Amino acid sequence: MRMLAHAVAQPNIALVKYWGKRNLEENLPAAGSMSVTLDALWTRMSVEFPAAAAADTLSVNGLESGREMQARVSACLDRMLGGSRLPAAVRSESNFPIAAGLASSSSAFAALVMAASRAMPMPHDTLSLARLAGAASGSAARSFYEGIVELRAGGEQIDVRSISAAKEWPLCVIVAVTAEGPKAIGSGDAMIRSAATSPFYRSWVERQDADLELGRQAVRDKDFEKLAAVSEHNCLKMHSVMWTSRPPIVYWNEATLNGMETIRELQRRAVPVFFTIDAGPQVKAICLPDACGAVVSALAATAGVKRVISSGLGRGARELDDLPDGA
Ligand code: DP6
């Protein structure tokens, strides 16, 4: 019997970051995190059992995928369905660059787990699926939920939930793309290096709960300034841990710094906006809806910024009846 299902997931951007693992085997994060799920970017995934081939196949935007990604996808399906499962044909399409610090693994693994769980009979509850996706890529667990999302890492397993629906506090996220190529080192390997070598790593992890509490309060009170302060501070702390790793991990380029300066200039003019930066050189600006136009224009005019993507907050991963373009 042919079993085919489709799903879509949106990437998420962390405001209080995940950077470090407590358990490598289970891929459990060392601390909790908080993120916003985007609506303008997406990854659509089709999973079909059995594949025509004897082993799993993976195509990404119509091209056969590299071996490393293929292995991560196969490991994720093994974890879900057991090692003696049928081989899967997996097709993935995204409307944004992959592995460039735009959180592509968050939407990819969320969409993969959602589609595979619909193709094969298995429990469907969102938290179980989020945990399975998180075992493949920590940030993917958050893409099962809408709006502003908190991931708690204190117990045996992670807990994830939406703490503000997309419409409840409709923030805008503007991504200034400063380089399109894949990053030099993947975030998983980079955070393992940070944990092993940065003298700041331990204090970074110890302070995460305090930052999360501030973030939670800011979201509860819709206090944009408070959210801005804790998010920028948390981002710069994470990059300090990266920079002080050995060898150092530096994802920024000149345009990243220019983008940060653009945000600072907007802040001096009392525009409600703040920045965050992940494992890549893109600058992500978060702002209140009224400020969106000014932030888009300012970032688009920033030296070295190639293009600007503007997004609202989006929904969690979900099944699709079909792929819209028949891909
Ligand atoms: C900087 O989720 O890609 O974007 O679990 O190893 O796949 P793995 O890591 P991943 O790391 C995301 C790191 C980050 C911060 C964040 O999203 O919280």
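Given the structure is predicted, the values throughout are model-derived calculations rather than measurements. (Residues numbered from 1 in each chain as written. Predicted model: local features only at pLDDT ≥ 70, side-chain atom pairs only at ≥ 80, totals over all residues. Heavy atoms only, no water.)

Student: How should I be thinking about the overall build of the chain in this particular structure?
Tutor: Looking only at helices and strands, the chain features nine helices and 16 strands. In terms of overall size, the chain behaves like a compact globule, its C-alpha atoms giving a radius of gyration of 19 Å where 327 residues would be expected to give roughly 20 Å. If one aligns the C-alpha atoms of the chain with their principal axes, the spans along those axes are about 60 × 40 × 35 Å. With 327 residues in all, the chain has 55% of them scored as buried. Contacts spanning at least 24 positions in sequence make up 75% of the contacts within the chain whose residues lie at least 6 apart. For the chain, the accessible area works out to roughly 13,800 Å², and carbon and sulfur atoms hold 52% of it. Within the chain, the 34 negative side-chain charges are centred at a point lying 3 Å from the centre of the 34 positive side-chain charges. (Helix = DSSP H or I, 4+ residues; strand = E, 2+ residues; numbered from the N terminus. Rg over C-alpha atoms; globule rule 2.2 N^0.38 Å. Buried < 20%, exposed > 50% of the residue type's maximum accessible area, 1.4 Å probe, protein only. Contact = heavy atoms within 4.5 Å. Areas by Shrake-Rupley, 256 points an atom, 1.4 Å probe, with all protein chains shown as cover. Lys, Arg positive; Asp, Glu negative; His and termini not counted. Charge placed at Lys NZ, Arg CZ, Asp CG, Glu CD.)

Student: Whenever I open this one, the sheet that holds strand E6 (residues 43-49) confuses me. Can you help?
Tutor: Sheet strands associate in pairs through backbone hydrogen bonding, adopting either a parallel or an antiparallel arrangement. The strand order across the open sheet built from six strands is E8-E7-E9-E6-E1-E16, with neighbouring strands paired in mixed fashion. Every interior strand has two partners, whereas the edge strands, strand E8 (63-64) and strand E16 (318-320), have only one. The sheet contact formed by strand E7 (residues 57-60) and E8 spans two bridges and is antiparallel. Counted as the bridge partner of Ser 59 is Glu 64 from E8. Along the sheet, helix H1 (residues 67-81) contacts E6, E7 and strand E9 (89-94); its crossing angle with E7, the most-contacted strand, is approximately 125 degrees. (Pairing = 2+ DSSP bridges. Axes fitted to C-alpha atoms, helices over the stretch in contact; angles between N-to-C directions.)

Student: I keep staring at the pairing of E9 and nothing clicks. Help me out?
Tutor: Within a regular strand, side chains alternate between the sheet's two faces. Note: E6 against E9, six bridges, orientation antiparallel. Looking across to E9, one finds that Arg 44 is bridged to Glu 93. Here four bridges tie E7 to E9, and the two strands are oriented parallel to one another. By the bridge assignment for E9, Val 60 is matched with Ser 92.

Student: Would you mind going over the nonpolar core with me for this structure?
Tutor: General note: in soluble globular proteins, nonpolar side chains tend to be found buried as a group. Within the largest apolar cluster, 42 residues are counted, with the highest numbers of intra-cluster contacts made by Val 47, Leu 77, Val 90, Leu 112 and Phe 144. Contributions of two or more residues to this core are made by strand E1 (3-9), E6, H1, helix H2 (104-119), helix H3 (126-136) and strand E10 (148-152). At ten residues, the largest contribution of residues to this core is made by H2. When near neighbours in sequence (up to four residues on either side) are disregarded, Phe 144 contacts Ala 110, Val 113, Met 114, Thr 126, Leu 129, Ala 130, Ala 133, Gly 316 and Ala 317. (Core = buried A, V, L, I, M, F, W, Y, C linked by side-chain atoms within 4.5 Å.)

Student: What am I meant to see in the packing of aromatic side chains here?
Tutor: Each aromatic ring pair is characterised by the separation of its centres together with the angle its planes make. This structure, assessed with the given rule, holds two aromatic pairs. Geometrically, the ring pair formed by Phe 224 and Phe 274 is tilted, given 5.4 Å between the ring centres and 45 degrees between the ring planes. In this pair, Phe 224 is assigned in helix H7 (residues 224-243) and Phe 274 in strand E13 (residues 273-276), connecting sequence segments 50 residues apart. There is no split in this pair, since Phe 224 and Phe 274 are both buried. Measuring from centroid to centroid gives 5.2 Å for Trp 243 and Trp 252, while their planes differ by 65 degrees, and the two rings are edge-to-face. (Phe/Tyr/Trp six-rings, centres within 6.5 Å; stacked < 30°, edge-to-face > 60°.)

Student: Please explain H2 as it appears in this structure.
Tutor: Helical geometry: 3.6 residues make up each α-helical turn, so side chains three or four residues apart lie on a common side. Over its 16 residues, H2 runs 22 Å from end to end, which matches the ideal 22 Å to within 8%, given 1.5 Å per residue. Of all 16 residues in H2, 14 are buried; the element is thus mostly enclosed. (Expected span 1.5 Å × (residues − 1).)

Student: Explain the site of the ligand to me, please; I cannot follow it from the model alone.
Tutor: Around the ligand, a shell composed of 18 residues is seen, among which Tyr 18, Lys 21, Ser 137, Gly 138 and Ser 139 lie nearest. A total of 460 Å² of accessible area belongs to the ligand in isolation, and the protein chains cover 93% of it. If you tally residues by element for the shell around the ligand, the top one is helix H4 (residues 187-197), at three residues. Counted by class, the shell around the ligand contains six nonpolar, seven polar and five charged residues. (Near = heavy atom within 4 Å. Nonpolar A, V, L, I, M, F, W, Y, C, P; charged D, E, K, R; others polar.)

Student: It is not clear to me how the side chain of Ser 46 should be interpreted in this structure. Could you clarify?
Tutor: Within the secondary structure, Ser 46 sits in strand E6. On the basis of relative accessible area, Ser 46 is assigned to the buried category, the value being 1%. Among the polar contacts made by the side chain of Ser 46, one reaches the side chain of His 6 at a distance of 2.9 Å. (Polar contact = N/O pair within 3.5 Å; in protein donor to acceptor, adjacent residues only side chain to side chain.)

Student: I would appreciate a short explanation of the pattern of salt bridges in the present structure.
Tutor: One side chain can pair with another of opposite charge once the charged atoms of both are near each other. All chains considered together, the criterion is met by 17 salt bridges. Measuring nitrogen to oxygen at the nearest pair gives 2.9 Å for the salt bridge that ties Lys 237 to Asp 211. On the criterion of sequence distance, the pair formed by Lys 237 in helix H7 and Asp 211 in helix H6 (residues 208-220) is long-range, its members being 26 residues apart. By relative accessible area, Asp 211 is classed as buried at 6%. Of the charged contacts in the structure, one is a salt bridge between Glu 232 and Arg 264, with a shortest N-O distance of 2.7 Å. (Salt bridge = Lys/Arg side-chain N within 4 Å of Asp/Glu carboxyl O.)

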